[in-house]
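Structural overview for review
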Amino acid sequence: VQLQASGGGLVQAGGSLRLSCAASGRSFSRYGMGWFRQAPGKEREFVAGINWSGSYTYIADSVRGRFTISRDNAKNTVYLQMNSLKPEDTAVYYCAASLTIGSAKSEYDYWGQGTQVTVSS
């Protein structure tokens, strides 16, 4: 599976962005998908995940109520809708694919290249 993340950019605090992750290669619908982020000097952390069908999602406490994850298997794409953005959301955001579901980086087999999100105060 090859993953291409897009949609990042510069936004003011309180604004919104929608990230997309387009997949190609093996059957996208077999995989659970996740979004992670990594701020400068920090560890890569889990943000949100979704199972293969989209029937189950799980969101990190730090973004719950502001971020939602969804997928469109017909388009081989997973999305991260980010609302009420805060400066502390500034990071490089990565999408990843896994045959299991979880919040640990080690559970994910394929990674996209990352897209920068910068939230100004």
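Here the structure is shown first, and the text comes after it.
The following paragraphs examine the structure supplied in this document. If you're wondering where the values come from, they're calculated on a predicted model, not measured in any experiment. (Residues numbered from 1 in each chain as written. Predicted model: local features only at pLDDT ≥ 70, side-chain atom pairs only at ≥ 80, totals over all residues. Heavy atoms only, no water.)

**Section: the packing of aromatic side chains**
Operational definition: Two rings belonging to Phe, Tyr or Trp (six-membered ring only in the last case) form a pair when the distance between their centres is within 6.5 Å. Interplanar angles under 30 degrees mark stacking, angles over 60 mark edge-to-face geometry, and anything in between is tilted. Strands here mean DSSP runs of E at least two residues long; helices mean DSSP runs of H or I at least four residues long; both are numbered from the N terminus. Categorising residues by exposure relies on relative accessible area from a 1.4 Å probe, with only protein chains included: less than 20% of the type maximum marks a residue as buried, more than 50% marks it as exposed, and the intermediate range marks it as partly exposed. Put simply, a charge is over a ring when the Lys NZ or the Arg CZ is close to the ring centre, within 6 Å, and near the line of the ring normal, within 35 degrees.
In the structure shown here, the tally under the stated rule is seven aromatic pairs. Judged by centre distance (5.6 Å) and plane angle (75°), the rings of Phe36 and Phe46 are edge-to-face. Residue Phe36 is found in strand E4 (residues 32-38), and its partner Phe46 is found in strand E5 (residues 45-50); the two are separated by 10 residues along the sequence. As far as burial versus exposure is concerned, Phe36 and Phe46 are alike and both buried. Members of the aromatic cluster, each reached through a chain of ring pairs, are Phe36, Phe46, Tyr56, Tyr58, Tyr108 and Trp111. When the ring centre of Tyr94 is taken as origin, the NZ or CZ atom of Arg44, which lies over that ring, is 3.6 Å away. Geometry around Phe28 places Arg71 over its ring, the cationic atom sitting 4.4 Å from the centre.

**A short note on the environment of Glu43**
To be explicit about the condition: Here, two residues are considered to be in contact whenever any of their heavy atoms come within 4.5 Å of each other.
In this fold, Glu43 is placed in the loop between E4 and E5. For the pair Glu43 and Ser121, spaced 78 residues apart in sequence, the C-alpha to C-alpha distance is 23 Å. Beyond its immediate stretch of four places on either side in the chain, Glu43 contacts Arg37, Gln38 and Lys105.

**Some thoughts on the pairing of strand E7 (residues 67-72)**
Our working rule: In this analysis, strands are considered paired if DSSP registers two or more bridges between them.
Alternating positions in E7 separate cleanly, Phe67, Ile69 and Arg71 being buried on one face and Thr68, Ser70 and Asp72 remaining unburied on the opposite face. Hairpin geometry of E7 and strand E8 (residues 77-82) is characterised by an intervening segment of four residues between the two adjacent antiparallel strands and by a positive phi of about 55° at Asn76.

**Points about the state of the cysteines**
Under the convention used in this document: Throughout, a disulfide means two cysteine sulfur atoms within 2.5 Å of one another.
Scanning the entire structure with this criterion turns up one disulfide. Note that Cys21 is cross-linked by a disulfide to Cys95, the S-S spacing being 2.1 Å. Disulfide Cys21-Cys95: the torsion about the S-S bond is 65°, which places it as right-handed. Taken together, the residues span a long stretch of sequence, with Cys21 in strand E3 (residues 17-24) and Cys95 in strand E9 (residues 91-98) at a distance of 74 residues. For Cys95, a relative accessible area of 0% gives the class buried.

**Topic: the nonpolar core**
The criterion, for reference: For our purposes a nonpolar core is just a set of buried Ala, Val, Leu, Ile, Met, Phe, Trp, Tyr and Cys residues, chained together by side-chain atoms within 4.5 Å.
Core analysis: the biggest nonpolar cluster contains 36 residues, and Met33, Trp35, Leu80, Met82 and Tyr93 have the highest contact counts within it. Sorting elements by how many residues they give to this core places E9 first, with five residues. Residues contacting Leu80, with those up to four places away along its chain left out, are Leu17, Arg18, Leu19, Trp35, Val47, Ala48, Phe67, Thr68, Ile69 and Tyr93.

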